[in-house]
Amino acid sequence: MVLKLYGNLTAAVMRPYCVLLEKNVPFEHIPIDIDKGENRTPEYLAKQPFGLIPCIDDDGFILYESRAICHYIATKYAHQGPELIPQDLQKNALYQQWSFVEALHFEEESVGVLLEEYYNPVYFGQEKNPKLYDEHLTKLGKILDIYETVLSQQKYLVGDEVTLVDLNHLPNAMLLGAHGGTNIMQDESTRPHVARWFKELTSRDSWKEVMAQPSGEE
Amino acid sequence: MAIKLYGSLTSCVTMVMCVLKEKGLEYERINIDFSTGEHKSPEYMEKQPFGQVPCLDDDGFLVYECRAICHYLAAKYANQGTPNLIPPADDFKAIARFHQAVSVETHNFNKYVWMVTRERVIKPLYFKQEWNQDIIDQAFKEIDDKLAVYDKILAKQKYMAGDTFTLADLFHLSFGTTVIRCGCKSFEKYPNVSRWWNDISSRKAWQEVYEESKHYYDPIF
């Protein structure tokens, strides 16, 4: 049975969507509309008890949390497409290190920016708080300063090969430019290596296909 | 050369100390004094460019982010001390459930226990500022909502990633203990969460680390 990916194409759903394409794994995309409360139905909660998206059903194997799903797909299809998870002990430790930098720090500040500029005004009817917006943007800049140093010495965050860690940045990084009111990811004069890295990642066929989906810009 | 762990006795550092103890590893802890800004010194930022603790130096190999350090130690010393803190590599479904549980901790638990820690611990301890109880109560409410879901998960399995104790459980210990000290009651409210919490927090490794480290936060409680 073909793998099912549940969830409207939000940032979290774009992550596994992109990795499935990277690994050339056939799948069926089943939108779950949060605005209509489809994530709170008993059927969906039986799969994902927190009522969040995404979630996958791989021939009866149910899994949630976007980064865990990406890891599962990259592990199961390790020998298909790019490797994405380094196996060497020390390389893997650095992969884990950058995974938590992305999942905790990049996520917190980029979502903070998006919340103020986009999610709160558009979805929750709340006004933007310019002070909070500036705080998150400043903190995000400081994080990206470290990225700049690393990316001036190597092509990607863990080394010279692309890994899941790089790809997992894509949805929030793209949304910052599309709806976050900032060109922080593309600014070649401030952080040329971050801009180069982001440009390379967004030029991948997998990501271009994610962006070509009807709701890819949501 | 011994393992060196850099950091004062914060919740992030005691998390790593717990894994070192579970694995029976000798190590040297090198204090990093926040009050003198040692974590932002050029020497330290050479090791940890974000200027955060902890950081591990294993015979010259440097790694940071507490959960990544724990993962590295559990992988390198897989056959020593407590086994299977990470499920065996050939069982990719068990590994997948493990990463799911790790992500649940990161995004559904850490996010809110960190809110409490920042407000109730970091503000008074390092900045001598009053805490805002409204922010703490709001975070307690979020923790309570999430632990209600944990209760459903833990009704079907002993631990967060299945029926074996893994890092995904251990990651809850240091910050969970801290928010309980801050007044969070949700851990005893839900029967399956309570059973799980009593099980993992009574492990010898954590008990010893807690005894060794609790004095660090004593001034603010």
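Please read these numbers as outputs of a predicted model, since none were measured by experiment. Sequence positions are assigned chain by chain, starting from 1 and proceeding in written order. Chains and ligands are labelled by the order in which they are written, letters from A for the one and numbers from 1 for the other. Owing to the predicted nature of the model, reporting of local features is limited to residues with pLDDT of at least 70; listing and counting of side-chain atom pairs is limited to 80 or more, with chain, interface and lining totals taken over all residues. With hydrogens and water excluded, all non-hydrogen atoms of the structure serve as input to the side-chain values.

**What about the sheet that holds strand β3 (residues 55–58) of chain B?**
All names here are of chain B.
No. 1: Taken in spatial order, the four strands line up as β2-β1-β3-β4 in an open sheet, and their pairing is mixed. Both edges of this open sheet fall to β2 (27–30) and β4 (61–64), since each of them pairs with a single strand only. Across the sheet, the mean angle separating the axes of adjacent strands is 20° when strand polarity is ignored.
No. 2: Where strand β1 (residues 3–6) lies against β3, four bridges are found, and the strand directions are antiparallel. Within the sheet, the bridge partner assigned to I3 lies in β3 and is D58.
No. 3: Contacts: residue pairs with any heavy atoms within 4.5 Å of one another. Only C-alpha atoms enter the line fits that serve as axes; for helices the fit covers just the stretch in contact. Angles between N-to-C directions range over 0 to 180 degrees. By definition, any uninterrupted DSSP run of H or I lasting at least four residues is a helix, any uninterrupted run of E lasting at least two residues is a strand, and each is numbered from the N terminus. In this fold helix α1 (residues 11–22) packs onto β1 and β2, with an angle of close to 160° to the strand it touches most, β1. Strands qualify as paired when DSSP identifies two bridges or more between them.

**Concerning the sheet that holds strand β4 (residues 61–64) of chain A**
Residues and elements named next belong to chain A.
No. 1: With mixed pairing, four strands are arranged side by side in an open sheet as β2-β1-β3-β4. Edge positions in the sheet fall to β2 (27–30) and β4, since each of these pairs with one other strand and no more. Taking each pair of neighbouring strands and ignoring which way they run, the sheet shows an average axis angle of 20°.
No. 2: Strand direction decides the pairing type here: strand β1 (residues 3–6) and β2, joined by four bridges, are parallel.

**Some points on the interface of chain A and chain B**
No. 1: Tallying the contact residues gives 32 residues for chain A and 33 residues for chain B.
No. 2: At the boundary of chain A with chain B, total buried surface from both sides reaches about 3000 Å², with 71% on carbon and sulfur atoms.
No. 3: Any Lys or Arg side-chain nitrogen found within 4 Å of a carboxyl oxygen on Asp or Glu counts as a salt bridge. Taken together, the links from chain A to chain B amount to one salt bridge.
No. 4: For the salt bridge of E108 of chain A with R118 of chain B, the shortest nitrogen-to-oxygen distance reads 3.5 Å.
No. 5: Any N or O atom pair separated by 3.5 Å or less is treated as a polar contact, with the protein-specific requirement of one donor-capable and one acceptor-capable atom, and with residues adjacent in sequence counted only for side-chain atom pairs. Summed over the shared surface of chain A and chain B, the number is seven residue pairs in polar contact (both at pLDDT 80 or more).
No. 6: Elements with a contribution of two residues or more to the side of chain A that touches chain B: β4, α3 (66–76), α4 (89–123) and α5 (130–151) of chain A.
No. 7: If you tally residues by element for the side of chain A that touches chain B, the top one is α4 of chain A, at 15 residues.
No. 8: Only Asp, Glu, Lys and Arg are considered charged in this grouping, and only Ala, Val, Leu, Ile, Met, Phe, Trp, Tyr, Cys and Pro are considered nonpolar; every other residue, Gly among them, is considered polar. Among the residues making up the side of chain A that touches chain B, the classes are represented as 20 nonpolar, seven polar and five charged. When two parts are put together, the accessible area they lose, computed with a 1.4 Å probe and summed over both, is reported as buried area.

**Remarks on the packing of α4 of chain A against helix α7 (residues 170–179) of chain A**
Residues and elements named next belong to chain A.
No. 1: Between α4 and α7, whose axes approach to 10 Å, the crossing angle comes to 30°. With respect to α7, the element α4 is oriented roughly parallel. In this structure, α4 meets α7 at a crossing whose hand is left-handed. When α4 is examined against α7, the residues F106, E107, S110, V111, V113, L114, E117, Y118 and Y119 are found in contact with a partner set consisting of N172, A173, L175, L176 and H179.
No. 2: Taken together, the residues of the contact of α4 with α7 sort by class into nine nonpolar, three polar and two charged. An angle below 35 degrees is read as roughly parallel, one above 145 as roughly antiparallel, one from 65 to 115 as roughly perpendicular, and any other as oblique. Left-handed is the label given to a crossing in which the near helix is rotated counterclockwise from the far helix by less than a right angle, and right-handed is the label when the rotation is clockwise.

**Brief notes about the domain arrangement of chain A**
All names here are of chain A.
No. 1: Marked domain ranges trace back to an automatic or database domain assignment. The domain architecture assigned to chain A consists of domain 1 (3–81) and domain 2 (89–207).
No. 2: Placing the centre of domain 1 and that of domain 2 at their C-alpha centroids yields a distance of 22 Å.
No. 3: If you look at the interface, domain 1 gives eleven residues, while domain 2 gives 14 residues.
No. 4: The contact between domain 1 and domain 2 buries some 1100 Å² in all, and 64% of this surface belongs to carbon and sulfur atoms.
No. 5: Ranking the residues of domain 1 by area buried against domain 2 places R15, E22 and R67 at the top, with a combined share of 42%.
No. 6: Applying the counting rule to domain 1 against domain 2 returns four salt bridges.
No. 7: The closest approach of N and O atoms between E22 and R204, which form a salt bridge, is 2.6 Å.
No. 8: Counting across the interface, domain 1 meets domain 2 through six residue pairs in polar contact (both at pLDDT 80 or more).
No. 9: Elements with a minimum of two residues in the side of domain 1 that touches domain 2: α1 (11–22) and α3.

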